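Observations on chain architecture
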Amino acid sequence: MNAEFFAAIADLEKEKGIPKGYMLEKINQALLAALKKDNPAAADNVRVEIDEAKAKIDVYIMKTVVEEVLEPAVELSLQQARRISPKAEIGDVVNVTVETKKFGRIAAQAAKQVIIQGIREAERSIVYEEFTSKEHEILTGIVSRIDPRSGSISMKISSNSEYTEAMMNSGERVPGEVLKEGDRIKVYVVEVRKSTSGPQVMISRTHPGLVKRLFELEVPEIFDGIVEIKSIAREAGSRTKIAVMSNDPNVEPIGACVGPKGGRVSAIVNELRGEKIDIVNYSEDPAEYVAAALAPSDVISVDVADEGKSCRVIVPASQLSLAIGKEGQNVRLAARLTGYKIDIKPDTNA
């Protein structure tokens, strides 16, 4: 029986990744709890010894040998003691073995609960560690439930062999994106939190990090560090601006991101369900950087203020609306991308 018991623990370690030492500690706690429940008067005298090398578990109560037994829970007579240890004398402490099969139903149930709880805690810890390592990465999830009232989505996501449920709040969903149960989509892992019911994985489809990771997946030069993403400004579902620079003079950063016949950026746009993406060159010169960020509009001049991060931009009058963008989106994204407050004027008023 003990051999089968230890084999089962080894299987748990192999199949679920639960350390053998952890489970043995939980089993020790479970047997102690059961022993104390069945022998409350001997609570301080109960012992459990687990010998993994011999595949042996001993459960016993330490009892003192006395002339007259007044407390049977922790004392035994000399005659009783010598049946266990022939050399026992008055005053000795003798280990009286308790057979686990003699545990009462309530005690056995308590032991079972401790072990089951130990397995659950270990599984949650393994899942937490696995998904914590995936923070700020992209994972693929399957939509399992959509709350019609709040709009939040429950998804089943996986990492290696581990699975867990993740929650995407309505604010992390792309406006206008229609999802249904069973859809498989890529999500960005924002944070992993511990909770009493297990790890909580917070995911997003609106986070700028999703765009960054998609570019790393599609563009080898970014993954290898040849092309570097310096900044991203995003209004999910509508438009994203991304500033890139090359660490190799022979590699053109925008061309690398766009890819042959636009294949690389098209794959990202498709994953983002048609979201427009502007790729611009990053520059250490604020004027050049702001001018590039206002693409697709032409820029005549950029006057950067001496103090504070602000600038005045002159554009052709015919392109004023293009520079500002629909509802101010283009200039708003350019300002967030560069970190500069941008005041746009047409050349007629310059």
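Below: a short report on this structure. Predicted model only: the values in this text are computed from it and were never measured. (Residues numbered from 1 in each chain as written. Predicted model: local features only at pLDDT ≥ 70, side-chain atom pairs only at ≥ 80, totals over all residues. Heavy atoms only, no water.)

**Thoughts on the environment of A236**
Note on placement: A236 falls in the loop between β10 (227-235) and β11 (239-246). We classify A236 as buried; its relative accessible area is 16%. Those residues within four positions of A236 in sequence are excluded, and the remaining contacts are V174, P175, T206 and E275. (Helix = DSSP H or I, 4+ residues; strand = E, 2+ residues; numbered from the N terminus. Buried < 20%, exposed > 50% of the residue type's maximum accessible area, 1.4 Å probe, protein only. Contact = heavy atoms within 4.5 Å.)

**Remarks on the sheet that holds strand β15 (residues 341-346)**
Pairing is mixed in the open sheet, where three strands are placed in the order β13-β14-β15. Strands at the two margins of the open sheet, each flanked by one partner only, are β13 (301-304) and β15. Across the sheet, the mean angle from the axis of one strand to that of its neighbour is 20 degrees, orientation sign disregarded. The pairing of strand β14 (residues 310-315) with β15 spans six bridges and is classified as parallel. Across the sheet, R312 pairs through a bridge with D343, a residue of β15. Running at roughly 130 degrees to β13, helix α9 (residues 286-293) makes contact with β13, β14 and β15 of the sheet. (Pairing = 2+ DSSP bridges. Axes fitted to C-alpha atoms, helices over the stretch in contact; angles between N-to-C directions.)

**Some details on the packing of helix α5 (residues 208-218) against helix α8 (residues 263-271)**
The interhelical angle for the contact between α5 and α8, taken along N-to-C directions, is 140 degrees, at an axis separation of 10 Å. Taken together, the axes of α5 and α8 lie oblique to each other. Classified by chirality, the crossing of α8 by α5 is right-handed. Residue-level inspection shows L214, F215 and E218 of α5 in contact with α8, the latter providing R264, V265, A267, I268 and E271. (Parallel < 35°, antiparallel > 145°, perpendicular 65-115°, else oblique. Left-handed = near helix turned anticlockwise from the far one by under 90°.)

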